[in-house]
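Residue strings, one per chain:
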Amino acid sequence: MRSALHREFGEPADVLVHADSPVPQPAPGEVRIRMVLAPIHNHDLWTIRGQYGYKPKLPAIGGSEGLGVIDAVGEGVEGLSVGQRVTAASGRGTWAESFVASAKMVIPMPDAIPDELAAQLIAMPLSALMLLEFLQVERGQWVVQNAANGAVGKTLAMLAAARGIPVLSIVRRDAGAEEMAALGIDNIVSTESKDWKQRAKDVLGDAGAHAAVDSVGGQASADLLSLLGQDGTLVSFGAMGGEAMVIPPGDMIFKHATVKGFWGSKVSREMSVADKRRLVGELIQRAIAGELKLSVDATFGLADAAKAAAESLRPGRNGKVMLRP
């Protein structure tokens with residue numbers, strides 16, 4: 001079968017190649033899925049660089065989420081059958097014509113949800129929803145986030161709004177703010193404005209934010225900490241800037257602030273089956289209701305996976321980059 005794989009760790013645009021790979025066979029408890037669409041996530045790129053929490057054995061097919069149709073079922077699998085349209089996340093090797101996934105991680109997709117949304121409905125949105133619960137915010141309490149026009153940022157803002165939780169979204173470009181506003185997201189501040197910090201404080205009010213989500217690191221961490229209220233929590237979700245978090249001791253001490261890390265894979269492993277089903281059910285219902293909108297910027301064939309990886313890193317892109325067979 002055709003696949004996009006890497007034989008060494010490195011920059012995805014340099015090491016990803018189009019190659020023939022054996023068609024995988026589902027082990028007990030697994031299903032094989034004929035891929036229709038597979039997204040390129042940031043954590044997929046970090047995995048290819050060899051700098052993520054999971055390091056695959058080489059050569060390795062890229063990808064961790066995909067939408068498709070089941071074409072083989074392993075021993076002991078119940079509730080899933082050949083011909084079902086499904087999506088799978090937290091998997092391995094989805095950038096191929098076929099991939100296998102644990103039946104526990106496979107979600108049947110209603111026909112009412114289009115392919116472009118279904119293909120990216122679980123990994124990032126589920127992380128956003130788990131993150132929202134991890135923050136322990138209640139209705140009416142503010143959350144502030146940076147890198148807000150990324151997939152998780154947009155999703156977090158939409159899901160929080162549906163739960164009655166206000167979110168202040170910080171972006172680097174005015175165009176990013178316009179992009180979010182076009183999705184119906186409000187309370188957006190662009191750091192292109194010289195007075196952006198004061199504008200952010202005006203939105204949050206005297207109480208400040210109950211929680212902050214940092215996906216950048218460096219000085220951006222300190223900026224978020226300055227917007228927290230008393231006993232607030234700053235959560236490190238990512239480090240897009242590649243710099244260590246800057247944490248001013250004054251804000252930490254006098255605000256009694258807490259700094260935590262969040263890794264969706266760990267939280268997902270520790271979450272009960274009932275809670276995970278509840279959250280996935282919420283995602284599906286909000287997608288059908290039009291409360292969750294996830295756009296696609298471009299779609300590439302597997303043969304152009306290296307180009308697709310480069311495109312996914314392009315600043316100003318509007319939506320997820322996808323791969324098709």
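See above for the structure.
This section reports on the structure supplied with the text. (Residues numbered from 1 in each chain as written. Predicted model: local features only at pLDDT ≥ 70, side-chain atom pairs only at ≥ 80, totals over all residues. Heavy atoms only, no water.)

Examining the nonpolar core
Selection criterion: Joining through side-chain atoms within 4.5 Å is the link that ties buried Ala, Val, Leu, Ile, Met, Phe, Trp, Tyr and Cys residues into a set, and such a set is a nonpolar core. Categorising residues by exposure relies on relative accessible area from a 1.4 Å probe, with only protein chains included: less than 20% of the type maximum marks a residue as buried, more than 50% marks it as exposed, and the intermediate range marks it as partly exposed. Starting at the N terminus, helices and strands are each numbered in turn, a helix being any DSSP run of H or I of at least four residues and a strand any DSSP run of E of at least two. Note on contacts: a residue pair is in contact if any heavy atoms of the two residues lie within 4.5 Å.
Met109, Ile113, Leu121, Ile122 and Leu135 are the most contacted members of the largest nonpolar core, which has 51 residues in total. Looking at this core element by element, the count peaks at 8 residues for helix H4 (residues 123-134). In this view, Leu121 contacts Glu65, Met109, Ile113, Leu126, Leu283, Ile284, Ala287, Leu292 and Leu294; residues no more than four positions away in its chain are not counted.

Observations concerning the sheet that holds strand S13 (residues 228-236)
What counts is decided by this rule: For two strands to be treated as a pair, DSSP must find no fewer than two bridges joining them. With axes taken as lines fitted to C-alpha atoms, and helix axes fitted only over the stretch in contact, angles between N-to-C directions fall between 0 and 180 degrees.
Overall, parallel pairing links the 6 strands, which are arranged S11-S10-S9-S12-S13-S14 in an open sheet. Two strands in the sheet have a free side with no partner beyond their single neighbour: strand S11 (188-190) and strand S14 (258-261). Within the sheet, the average angular offset between the axes of one strand and its neighbour, ignoring direction, is 20°. In the sheet, strand S12 (residues 209-214) pairs with S13 via 5 bridges, with the strands oriented parallel. Opposite Asp214, over in S13, you have Ser236 as the bridge partner. In the packing of helix H8 (residues 219-227) onto the sheet, the strands contacted are strand S9 (143-145), strand S10 (167-171), S12 and S13, and the crossing angle to S13 comes to about 150°.

Concerning the pattern of salt bridges
Two side chains of opposite charge can pair, provided their charged atoms sit close to one another. Our working rule: When a carboxyl oxygen of Asp or Glu is within 4 Å of a side-chain nitrogen of Lys or Arg, the pair counts as a salt bridge.
All told, the structure shown has 15 salt bridges when counted by the stated rule. The closest approach of N and O atoms between Asp223 and Lys197, which form a salt bridge, is 3.1 Å. Residue Asp223 is located in helix H8, and its partner Lys197 is located in helix H7 (residues 196-204); the two are separated by 26 residues in the primary sequence. For Asp223, a relative accessible area of 13% corresponds to the buried category. One network of salt bridges, in which partners are shared, links Glu133, Arg163, Asp275, Arg278, Glu282, Arg286 and Glu291.

From the geometry alone we can't say anything about function, so treat these as descriptive.
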